[in-house]
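Each chain, letter by letter, is given below.
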Amino acid sequence: MTKKEILYYKTYEHPTSKEWVVFIHGAGGSSSIWYKQIREFKEDFNLLLIDLRGHGKSANSIKNLWNDKYTFPNVTKDIIEVLDHLNIPPAHIMGVSLGTILARQLAEMEPERVKSMIMAGAITRLNFTSRILVFLGNTFKSVLPYMWLYSLFAFIIMPRGHHAESRNLFIREAKRLCQKEFIRWFKLTKDINPLLKYFKEKDLSIPTLYIMGEEDVMFLASVRNIVKDQKKSFLKVIEACGHVVNVEQPEVFNKLSLDWLKNQNNSLQNSLEHTQ
């Protein structure tokens with residue numbers, strides 16, 4: 001029996017810390033989107049960065065020939081296989097853009113693995129504009145070159161001049177996808193709103209920090225609504241920032257995230273001391 005291929009991953013192991021942060025990128029990106037986080041985060045935590053199926057260095061794997069249907073649970077199972085392979089203990093999960101949906105799906109499927117979540121540029125609902133984009137994309141995905149569609153989406157989601165670095169990073173990474181792989185991922189969009197409606201109605205009570213840009217006009221309003229309803233969810237909004245907050249304003253993002261993670265660890269330690 002041949003050994004099963006798993007996603008490409010990279011780890012940074014801390015000499016003393018037992019705490020892990022798992023980074024999940026969005027559709028069309030790769031783990032390289034976290035390059036402005038690695039140096040600071042590895043000072044206090046063990047890091048695991050994953051390239052999703054068909055993305056980054058996972059695109060070169062023979063497992064790029066997935067036979068199972070592309071669904072959010074199946075794509076999340078790929079991540080769980082890496083966690084199992086490395087024997088990662090319960091961890092802090094960080095997602096960006098579509099990766100936030102996978103982070104939430106992971107918490108849904110195996111909540112015991114998730115200590116807390118950080119959702120950067122979170123997608124919690126598709127608004128009218130994004131639903132129109134998805135409709136147009138699904139209508140023309142087999143006709144138009146996928147990079148036309150992807151570039152259009154990138155410009156609509158990240159339209160301003162100071163969003164250019166994030167936009168160009170996503171477009172550059174998306175060029176590594178083939179048309180067939182893009183279509184497989186794009187078909188997932190039809191599942192987003194029903195899944196997110198279910199997530200909104202079910203509060204897992206896992207501490208969750210949403211970090212959004214004030215210029216993220218597609219997704220910020222829906223995040224504000226979800227934070228009102230879920231008692232362990234919190235929102236930080238970064239001024240003069242768009243969708244990909246960790247790339248556009250890494251200093252602010254890193255401070256917010258690291259303060260949150262250290263606070264989670266302190267809270268857990270205090271609760272353990274009180275129960276002893």
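Rules used throughout
- Residues numbered from 1 in each chain as written.
- Predicted model: local features only at pLDDT ≥ 70, side-chain atom pairs only at ≥ 80, totals over all residues.
- Heavy atoms only, no water.
- pLDDT = per-residue confidence, 0-100.
- Contact = heavy atoms within 4.5 Å.
- Helix = DSSP H or I, 4+ residues; strand = E, 2+ residues; numbered from the N terminus.
- Expected span 1.5 Å × (residues − 1).
- Buried < 20%, exposed > 50% of the residue type's maximum accessible area, 1.4 Å probe, protein only.
- Polar contact = N/O pair within 3.5 Å; in protein donor to acceptor, adjacent residues only side chain to side chain.
- Patch = residues over 30% accessible without salt bridge, like charges linked within 9 Å, V, L, I, M, F, W, Y side chains within 5 Å.
- Areas by Shrake-Rupley, 256 points an atom, 1.4 Å probe, with all protein chains shown as cover.
- Salt bridge = Lys/Arg side-chain N within 4 Å of Asp/Glu carboxyl O.
- Lys, Arg positive; Asp, Glu negative; His and termini not counted.
- Charge placed at Lys NZ, Arg CZ, Asp CG, Glu CD.
- Axes fitted to C-alpha atoms, helices over the stretch in contact; angles between N-to-C directions.
- Parallel < 35°, antiparallel > 145°, perpendicular 65-115°, else oblique.
- Left-handed = near helix turned anticlockwise from the far one by under 90°.
- Nonpolar A, V, L, I, M, F, W, Y, C, P; charged D, E, K, R; others polar.
- Core = buried A, V, L, I, M, F, W, Y, C linked by side-chain atoms within 4.5 Å.
- Pairing = 2+ DSSP bridges.

### Brief notes about the confidence of the model for the protein
Caution applies to low-pLDDT parts of the model: their predicted coordinates are not meant to be read in detail. Overall, the prediction assigns the protein a mean pLDDT of 84, with 82% of residues at 70 or greater. Counting contacts from residues 271–276, a segment whose pLDDT is below 50, to residues more than four positions away or on other chains yields zero contacts.

### Considering helix α2 (residues 72–86)
Spanning 15 residues, α2 covers 22 Å between terminal C-alpha atoms, matching the ideal 21 Å at 1.5 Å per step. Here α2 has its buried residues at F72, N74, V75, T76, D78, I79, I80, V82 and L83. Two or three places before N74, at the opening of α2, T71 has a side-chain oxygen 3.1 Å from that residue's backbone nitrogen. N87 occupies a position one or two residues after α2 and carries a positive phi of about 55°.

### Observations regarding a positive patch on the surface
Judged by side-chain charge, K10, R39, K42 and K57 come together as a positively charged surface patch. Topologically, K42 is positioned in the loop between α1 (38–41) and β3 (46–50). Overall, the relative accessible area of 39% leaves K42 in the partly exposed class.

### Remarks on the pattern of salt bridges
According to the stated counting rule, one finds seven salt bridges in the structure shown. Between E108 and R104 there is a salt bridge, and its shortest N-O distance comes to 3.1 Å. Residue E108 and its partner R104 are located together in helix α3 (residues 98–109), separated by four residues, close to a single helical turn. Of the two residues, E108 and R104, both sit in the buried class. Each of the salt bridges in this network shares a partner with another, and the network as a whole consists of D84, E110 and R113.

### As for the packing of α3 against helix α8 (residues 192–201)
The N-to-C vectors of α3 and α8 enclose an angle of 50°; their axes lie 11 Å apart at closest approach. By the angle between their directions, the pair α3 and α8 is classed as oblique. The way α3 lies across α8 gives a crossing that is left-handed. Along the contact surface, α3 presents L98, I101, R104, Q105 and E108, while α8 presents I192, L195, L196, Y198 and F199. Its residues placed into classes, the contact of α3 with α8 shows seven nonpolar, one polar and two charged.

### What to know about the nonpolar core
Among the nonpolar cores identified, the biggest contains 45 residues, and V22, I24, L48, F72, I93, I101 and M117 are the most heavily contacted of them. The contact partners of F72, leaving out residues within four places of it in the chain, are L98, I101, L102, Q105, L188, D191, I192 and L195. Ranked by size, the runner-up nonpolar core spans 26 residues in total, among them I33, W34, I118 and V245.

### Brief notes about the sheet that holds strand β2 (residues 20–24)
Note on sheets: strands pair through backbone hydrogen bonds, and any given pair is parallel or antiparallel. Spatial ordering of the open sheet is given by β1-β3-β2-β4-β5-β6-β7, a layout of seven strands whose pairing is mixed. The sheet is open, and its two edges are formed by β1 (9–12) and β7 (233–238), each paired on a single side. Across the sheet, the mean angle from the axis of one strand to that of its neighbour is 15°, orientation sign disregarded. With six bridges joining them, strand β4 (residues 91–96) and strand β5 (residues 114–120) adopt parallel strand pairing. Bridge pairing in β5 places M94 opposite I118. The sheet strands contacting α2 are β1, β2 and β3, and the helix crosses β3 at an angle near 140°.

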